[in-house]
Amino acid sequence: MSEAELQRWSTEAIRRLHTFYEQRNTSPLSAESPPSSPMITRPPNEANREDASQKMRLLREKIEEVRQIAARGEGDRAARLTTSLKAGATHLHHYTDACKDARALRRWRETSRQLLRNLEDLVGQVPELQASAVHPPTPSPPAAPHPPERPESPPTEHLEAGHSTDQAASLLPRMSESFMAAKASGDVTSVRRFEREAIALAGSKASAQTKLRARVLSDEMRTWIKARESEEALESMRTVFETLPSPGDPREAERLRSALEHVNALRRLCSEALTQDLSDSFSDLEHRLHAAQTAAEQSARPAPARVKAERLKDNGSDQTAALADFIWLVSEIEAAREADDLESVEAARRLAGPLYARHLAPEDRERFTPFMREVKAWCGAHRSRPETVPVLKAIRQLFTKLDMARSTATVSEIGLVLDTVRELRHKMDAPLPSADEKRLVGWEARLRQRSLRERTTALREAAPDRTARRRPGAVAGQASSRPERLSLAAIERLAAPAREVLMDAARAGGAVLTWGDLRARLKEPLPHLHPDDQGELLVAVDRDTPQDEPLLTTLMASADISQHWLYPHVRFSLHRPRIPEEELAAHWAREVLKLRQIWRHR
């Protein structure tokens, strides 16, 4: 399953989960339902109340602004403004009832967010777009959220090759209006369809200006889709946290494990960090799951009645001893925090964690929960602050200088800076953060590519003329350690068996090969080639490869199993699109994966 298919599956699963919980929460109780399972209402927390109050204030201000504009408007615009005003007033009327239940308040906040976006789009409409027939009337937000109606899609039959560029250019304003309509109604499915049509328009036989505008519009759609998916993932995460099983449930451990896997899948869809309340709920879920698993394991172990009685008898004394040790660790943590000693705080926190999760009494654990959260936030804030680690601060300053001089720095200057970074990294007590480690690996790869490129350029400039080297009476006494150049016929003769070897490697799983591996697998001997002949051989191997498939020579790698330095040259010689240097390594890795998928079943 590809990454795009996995993302579509995750989005549909989230939508089905929303629909299930909305139907369950909004459907009336039937007469046949047992009276012992009534709908349990839970009051919302203070953070959700404050957020709802802020949205109500913003909604009132926006409604007043729209009311003033509607008084001066006329035609279809005035009708849409009036409809939105009625919907906003009805929504504000339900605020008091929604504040009584956490689920109802969450739905009220979500509808408020959609209504605010709708009103902002109406206020900011361009006059020439108001009279378009493509823009549908603004739907009034319902009492309970349901899938919005999809706006009319601009016709795509004009993208065929037989139509003129004027017809392709006329689609762009209509497509933009349809995107604004789908954006106002929150219809992600329609926006995805518009994005595909914008990409198709950018690749059609339209003018350069039309292609550029279509590409900008598709980028804007992609940004909105990612933001919308992140919002839906956060809302789905809140739903999961609100529907956790109550303590004492027979299947508590199993349901908590399923909820944790669901939350982890939703976190991968979020493009922003979790809010404080969601982070706290996630930590509570981990602690509850650990406690439930421990209790399940202990209950599954067969023990004699006498041993169980002794355990129950000693339980109070164990909890008292654990509480004393935990209080001592708390005092140590407080002293280390006052001294701003991050290492001591983390060491004491690692010791206090097992006591807090396994040995404290439930009431003591609840009493120290705010303290443990505060210490966790303090450690995270101090760990990510560069000023707390002077060596890390110096490393990041060096990376900043390299980024600013990316196009002007020489190979020797880059190597000197990277040597300094490596020396500073050895002085750090903790490992280099992942983001800084990626920057170091990326600059090392750029240094290797630039060094190889400069050496190749120097060899080409210093080499004599090719035709002169092949003449029998070449310059006397000119003995070179570089291998002799091959004729074009010899290169073509070597290309066919080399292509067979690369095809077999692609079918067998797509393992990358070095020149030594290729030489060992060929049935006929492969001489040591001149760098120019290496490039010509790779170009000859992929001369018949279709343009929509990755190159077979993508499997050729350097000695350190990284991208071969001739890979950009082969792409250029075969008229493939140019890849920016900073994206070349990631593009090469994706092409290797795509090549494995294509040749796996051939």
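Remember, predicted model here, so these are calculated numbers, not experimental data. (Residues numbered from 1 in each chain as written. Predicted model: local features only at pLDDT ≥ 70, side-chain atom pairs only at ≥ 80, totals over all residues. Heavy atoms only, no water.)

1. Digging into the packing of helix α19 (residues 488-507) against helix α21 (residues 531-541)
- Between α19 and α21, the least distance of the axes is 8 Å, while the angle of their chain directions is 60°. Comparing their axes, α21 and α19 come out oblique. Seen along the crossing, α19 lies across α21 with a hand that is right-handed. Within the contact between the two elements, α19 uses Leu488, Ile491, Glu492, Leu494, Ala495, Ala498, Arg499 and Leu502 and α21 uses Asp533, Glu536, Leu537, Ala540 and Val541. (Axes fitted to C-alpha atoms, helices over the stretch in contact; angles between N-to-C directions. Helix = DSSP H or I, 4+ residues; strand = E, 2+ residues; numbered from the N terminus. Parallel < 35°, antiparallel > 145°, perpendicular 65-115°, else oblique. Left-handed = near helix turned anticlockwise from the far one by under 90°. Contact = heavy atoms within 4.5 Å.)

2. Brief notes about the packing of aromatic side chains
- For the structure shown, the criterion picks out 3 aromatic pairs.
- An aromatic cluster is defined as three or more aromatic residues linked by ring pairs; in this entry it consists of Phe326, Tyr356 and Phe368.
- Over the ring of Phe282 we find Arg267, and its NZ or CZ is 4.6 Å from the ring centre.
- The aromatic ring of Trp443 is capped on one face by Arg446, whose charged end is 4.7 Å from the ring centroid. (Phe/Tyr/Trp six-rings, centres within 6.5 Å; stacked < 30°, edge-to-face > 60°. Lys NZ or Arg CZ within 6 Å of the ring centre and 35° of its normal.)

3. Re a negative patch on the surface
- Taken together, the side chains of Asp340, Asp341, Glu343 and Asp429 define an acidic patch exposed on the protein surface.
- Note on placement: Asp429 falls in the loop between α16 (411-427) and α17 (434-462). (Patch = residues over 30% accessible without salt bridge, like charges linked within 9 Å, V, L, I, M, F, W, Y side chains within 5 Å. Areas by Shrake-Rupley, 256 points an atom, 1.4 Å probe, with all protein chains shown as cover. Salt bridge = Lys/Arg side-chain N within 4 Å of Asp/Glu carboxyl O. Lys, Arg positive; Asp, Glu negative; His and termini not counted. Charge placed at Lys NZ, Arg CZ, Asp CG, Glu CD.)

4. Details of helix α8 (residues 188-202)
- Compared with an ideal rise of 1.5 Å per residue, which puts 15 residues at 21 Å, α8 spans 21 Å between its outermost C-alpha atoms and is within 8% of the ideal.
- Inspection of α8 places Val188, Ser190, Val191, Arg192, Phe194, Glu195, Glu197, Ala198, Leu201 and Ala202 among the buried residues, and these make up the whole buried set.
- At the N-terminal end of α8, a side-chain oxygen is found 3.4 Å from the backbone nitrogen of Thr189, two or three residues along, and the residue is Asp187. (Expected span 1.5 Å × (residues − 1). Buried < 20%, exposed > 50% of the residue type's maximum accessible area, 1.4 Å probe, protein only. Polar contact = N/O pair within 3.5 Å; in protein donor to acceptor, adjacent residues only side chain to side chain.)

5. Here we look at the pattern of salt bridges
- Evaluated as defined, the whole model comprises 29 salt bridges.
- In this structure, Arg192 engages Glu229 in a salt bridge whose closest nitrogen and oxygen atoms are separated by 2.3 Å. Of this pair, Arg192 sits in helix α8 while Glu229 is found in helix α9 (residues 208-242), placing the two residues 37 residues apart along the sequence.
- Classification of Glu229 by relative accessible area gives buried; the value is 7%.
- Of the charged contacts, one joins Glu536 and Arg485 as a salt bridge, the two residues approaching to 3.6 Å between their closest N and O atoms. Remark: Arg485 occurs in the loop between α18 (466-470) and α19 and Glu536 occurs in helix α21; sequence separation between them is 51 residues.
- Look at Glu536 and you get partly exposed, because its relative accessible area is 27%.
- Three or more residues joined by partner-sharing salt bridges are found here, namely Arg117, Arg228, Glu231 and Glu232.

6. Remarks on the confidence of the model for the chain
- On average, the chain scores 76 in pLDDT, and the residues at 70 or more come to 80%.
- Mean pLDDT across the secondary structure elements of the chain bottoms out at helix α6 (residues 127-130), with 34, and peaks at helix α22 (residues 567-573), with 90.
- Here residues 303-309 scores under 50 on pLDDT; set against residues more than four positions off or in separate chains, the count is 2 contacts. (pLDDT = per-residue confidence, 0-100.)

7. Quick word on the nonpolar core
- With 37 residues, the main nonpolar core has Trp515, Leu518 and Leu537 as its most contacted residues.
- For this core, the secondary structure elements donating two or more residues are α19, α20 (515-521), α21, α22 and α23 (584-599).
- Of all the elements, α19 adds the most residues to this core, at 10 residues.
- Setting aside residues up to four positions removed in sequence, Leu518 forms contacts with Ala498, Val501, Leu526 and Met556.
- Residues Phe326, Val330, Ala336 and Phe371 belong to the second largest nonpolar core, which totals 20 residues. (Core = buried A, V, L, I, M, F, W, Y, C linked by side-chain atoms within 4.5 Å.)

8. A word on the environment of Arg422
- As for its position among the elements, Arg422 is in helix α16.
- Residues Arg422 and Leu440, spaced 18 residues apart in sequence, show a C-alpha to C-alpha distance of 8.8 Å.

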